[in-house]
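Structure assessment
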Amino acid sequence: MILAWLILVPAIAGVLAWAAERWSRAWPRWVALAGTIVDLVLAVRLWIAAWSAAAPPPGHWLVELNLPWIDALGIRFHLGLDGLSLLLVLLTAFLGIMAVACSWTEIQDRIGLFHLHLMWVLAGIIGVFLSLDLFLFYFFWEMMLVPMYFLIGMWGHERRIYAAVKFFIFTQISGLLMLVAIVALSVVHGRATGVYTFDYVQLLGTPLSPTTGWWLMLGFFGAFAVKLPVVPVHTWLPDAHTEAPTAGSVVLASLLLKTGAYGLLRFVLPLFRDAAASFAPVAIGLGVVGVLYGSVLAFGQTDLKRLVAYTSVSHMGFVLIGVFAGTALALQGAILQILCHGLSTGALFILVGALQERTHTRDINELGGLWPIVPRMGGMTMFFALGAMGLPGLGNFVAEFLVLIGTYQVSPTAAALASIGLIISTLYALWMIQAAFQGRSRETIRIRDLGAREMAMTAALVVALVWLGVYPQPVIDAAVPVVATLTTGPQGAAR
Amino acid sequence: MLYWLWLVPAVPFAGFLILVLAGRRLGRAGTAVVGVGSIAVATAIAFAIVPPFLALPGPDRVFTQTLWTWMRIGDFTPTVGLRLDALSLVMMLVVTGVSVLIHLYSSAFMDGDEGYARFFSYMNLFVGSMLVLVLADNLLLLYLGWEGVGLCSYLLIGFWYRDPVNANAGRKAFIVTRVGDTALAIGLFLIATHLGTLDIQLLMARAAAAWAPGSALPIAAAALLLGGAVGKSAQLPLQTWLPDAMAGPTPVSALIHAATMVTAGVYLIARTHVLFALAPPVQFAVAVVGAATLLLAGCSALTQRDIKRVLAYSTISQIGYMFLALGVGAWSAAIFHFMTHAFFKALLFLGAGVVIIEMHEEHDMFEMGGLRRDLPVTFWTFLIGSASLAAVPLVTAGFYSKDLILFDTWSSAAGGPWLWLAGLVGALLTSLYTFRMVFVTFFGERHRAPAGRAGWRMTLPLVVLAVLAIVAGFVELPPTLGDKPYFTGFLLPVLPAVAAIPARALDLGRLQIAAGLVSLAGIYVSWLLYGGRRATVTALMRHPSALVTRRFWFAGWGFDWLYDHVFVRPVVWFAFADRHDVVDRIYDGLAWSSRAGWRALSATETGRIRAYAAGVTIGAIIITTIVIWT
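Starting afresh in each chain, residues are numbered from 1 along the sequence in its written order. Here the convention is simple: chains get letters from A, ligands get numbers from 1, in the order in which they are written. A pLDDT threshold of at least 70 governs which residues receive local features in this predicted model, and a stricter bar of 80 or more applies before side-chain atom pairs are shown or counted, although totals over entire chains, interfaces and linings include all residues.

Attention now goes to the overall build of chain B. Within chain B, the regular secondary structure consists of 28 helices and four strands. Seen through its principal axes, chain B has C-alpha atoms that stretch 115 × 60 × 60 Å. By the convention adopted here, residues are in contact when the distance between their C-beta atoms, placed from the backbone, does not exceed 7 Å. Residue pairs at least 24 apart in sequence account for 80% of intrachain contacts in chain B once pairs closer than 6 positions are excluded. What counts as a helix is a DSSP run of H or I of at least four residues, what counts as a strand is a run of E of at least two, and both are numbered from the N terminus.

Printed below as a string of structure tokens:
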């Protein structure tokens, strides 16, 4: 039942926050914060339990919940937790707290409604990470989309409607592709075995002809590729990230993109082993293109949020490469990259948001010389920019290094090309620092440095990134069973 | 005591943390105590480790300390582990010893700067990273230190970030070295994939067992490592960042861009020498890179006016000597020159720093002049450093180390007369530009009065380094001059001796005389040109070809121009031209065409019965036609 609570706590907290607005403007914030903290506590307790218990045999889940839902169609309310989903739930709860905290002063309008939407996005995301029924998965997939649309459209910046609609259309079309693939998979399975079901575990062994497997795999891949995002279906991302309020950008970059990566690991690879293996060269190629194209475009941006948004395209390219390279090192790297990118990019959006709140601009050309005025903000931005460029000692380095080393075992060329991304990341990271914080300030502006709340948030993220950089073993250990099942495929076995 | 080894890098890191977290509350004195004190403690521990290290059962004394396993995935298990052997001991002692002197100097030099605490936090972070680099027992941890020192180099070059020139120089340094670092990273991927480990000793053992000399894999591996080395050590073709790096405060140039970080490439190649020995073409390339770099940079040094840029090109050139030595298999000669160079070049930079602040931030040597009476201590120590750089025979450390390189280049089976000749011409250039600098700065007319700011904290390091710039050479006396090869003997368990051709080794005496004469001749010529009224050199410079050459050399042989046009501009152009993401135009097109379709269709919705009736009729006709025809 604890799994259901993981989803219910934010959902209920959201409704309470909405209702609480009638008492005071501060109440919704505290309710939402309490909700995310409770969620994190639950997740951490699960982690401790998983750590102390013996690893379950393959095919079993650390915790499972299986309730009847729509029996006639073989749809069940089936939730399950393994190492991978545990890590992602932890990330979601942790960054959920950040998302609430970073909206503390920014959102002053329809506060209750804002937190309702925010909490429901989080609930949907956790649902996505826990669902073991494909229909339920699709349900949560849609559930996180709608409140996100409103978050961008109602609390966003100048071009929020354009961005929200674009985000919605991209995700919705690709989501429908996936729905078709889900139903088709269930039908194929039903025809072959006589059991019509949407249950993940039962569908795992579905015999598929190469052509069917290929098309169904593409249906899933399409949905996840848009979310990840993969070049060339990435163009919703810069607009959505830029126009969203800070919390929206944090949730989008740090969590929503991760559902795409999670989908690849949880569904595309295990359900369509052979098709995914034959598709791997294409996917790795797309990943390399994403790494390079995203980082070059980031370098060309003048809007700070847009710049950070394009770095996500680049970094998620590493995830795509790592997932499809399929070696243990690459997969571990991809999972670490999911977490570290979530932390470092979330932090960058928080910092850019804080900067915009103070200066009312995100335009690099209007900033400059801020370091002496706001040294703490400068130092923190420097830290996370260095994280983004993969400086050793921080988690992002371990992640990218593992992805590249694991990819090298499969394709030295792809690894070498993706490594060029490391050079280009230096370009944009250093340019961002110089343009905003170095040089002379245009006029004598007086803005506040980071306050206690903001320092606490960024410091927590710093600690997490350093920890993942110098001792990532707990995360690696948690992911070992999942990675072991993913590498035993035709490609993994060969290595 | 040996178990304190981990403290040597840890104490500087702790100093960094204290300065970052409490920098503003410490005050000026507190900052200096923490900043200099942490390095002093680390140095004390480093030197205290020497006796127990020497007491280890020899000859190949080794102490390893594994702190924790960084990550464990299958059999990929890089550790956070330190390895102390003869090579890393020498590196550790030089790094800590020079660092503590430069930190002491900086505490006075940076006094009054608003970023006092920031400066020392970066410096401490640098020393910690550098120590990790030299002590790491595996390439992944080495890479951590490698990137860490690169970061500190960037931060400290752009320390005075208000001026975009400085910030740009820092950025350039980081980006150019990162090109090399990326090659190194790919080399690590290759090694980890094919040898299954990044542990340095283990990978060298496996490489020697599994790879045939001259086969493709060791060549690729060594070439990629060389890529990293030329980036960090500012060798051709990635040398362009170092002259600009002089934008940083002078103690930074002394510590990072002369004594320690820029020699990391030399250390890397010496550390992984087995790989290079397995790849003769790459090893030859190391020698050629070194020879070419030392000549090109020597010429450029000859034309600079900024005293720090002279020293920067000189550093590039001297590291070229170290590469030359590595290329001919004279591993320990390279490390020997690294050590003496660390002393005399740090000394020269610190002396230049004194001159610069005494001259009110003037960098142009030709605006100085006549300083030998005003700044006697600086003058004499600078003179000693210059003599050592120019390798004045018998009495200077630079003579012994450079002479060893020249001799090994001549006699090694991998070397030969041509490489030796390049080294000899380089020696002439070295003493020419060095004493040009000395004569222009300290002799001749006095242009302005010094400010009188240098206190004991600045002069003491000069004196100590001056002593070292003389005596450090006596640890390795060649056969003709006492025959006491202590230094190479000490390193022998780690770095094998040169594979010399016995017949050529007999020429030692003649080579030494040649090298000594060249050094003295260079000094004499520069006295003729720059010692007096400089009439000759002024006349010489009027010649058009001399003008063109000078401008070309002054600009570092046009490499900046070339890279600017070939790499920088295209990338910047593309990034800015595609700022609005050409891929999005596809979706704009989709949106536009659906909107156009909507407009076209809604245009038919006119409300006129006639039009609808016509539409129905035409539609009916078309459908009927299709039905009939098919």
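So, next bit.
When helices and strands are tallied, chain A shows 19 helices and two strands. Whereas a compact globule of 495 residues would reach a radius of gyration of roughly 23 Å, chain A reaches 21 Å, a difference of no more than 12%. Overall, the C-alpha framework of chain A stretches about 75 × 55 × 45 Å when taken along its three principal axes. Taking all 495 residues of chain A together, 63% fall into the buried category. Taking all contacts inside chain A whose residues are at least 6 apart in sequence as the whole, residues at least 24 apart take part in 80%. Here the globule rule reads 2.2 Å times residues to the power 0.38, and the radius of gyration is calculated from C-alpha atoms. To assign burial, the other C-beta atoms lying within 10 Å of each residue's own C-beta are counted, with C-beta atoms placed from the backbone; 20 or more indicates buried, 12 or fewer indicates exposed, and intermediate counts indicate partly exposed.

With that out of the way, let us pick up the nonpolar core. Counting 431 residues, the largest nonpolar core has Leu87 and Val268 of chain A together with Ala334, Ala346 and Ala469 of chain B as its most contacted members. No other element matches helix α13 (residues 328-359) of chain A, which puts 19 residues into this core. With residues up to four places along the chain from it excluded, the contact list for alanine 346 of chain B reads Val98, Ile102, Ala254, Ala258, Ala259 and Leu465 of chain B. Among buried residues, those of type Ala, Val, Leu, Ile, Met, Phe, Trp, Tyr and Cys that are joined through C-beta atoms within 7 Å form a set called a nonpolar core.

Further remarks concern the pairing of strand β1 (residues 63-70) of chain A. Residue and element names in this part refer to chain A. Strands pair, by our definition, only if DSSP identifies at least two bridges between them. Bridge count between β1 and strand β2 (residues 75-81): seven bridges; the pairing is antiparallel. Looking across to β2, one finds that valine 63 is bridged to leucine 81. Hairpin connection of β1 to β2: four residues between the antiparallel strands, including glycine 74 at a positive phi of 75°.

The next thing to look at is helix α14 (residues 375-388) of chain A. Taking 1.5 Å per residue as the helical rise, α14 of chain A with its 14 residues ought to reach 20 Å, and the 20 Å between its terminal C-alpha atoms agrees with that figure. Within α14 of chain A, ten of the 14 residues are buried, which leaves the element mostly enclosed by the surrounding structure. On the buried face of α14 of chain A, the contacting elements are α12 (304-325), α13, α15 (395-410), α16 (412-437) and α17 (452-470) of chain A together with α5 (139-157) of chain B. Backbone geometry just downstream of α14 of chain A places glycine 390 of chain A in the positive-phi region, at approximately 75°. Multiplying 1.5 Å by the residue count of a helix minus one yields the expected span of that helix.

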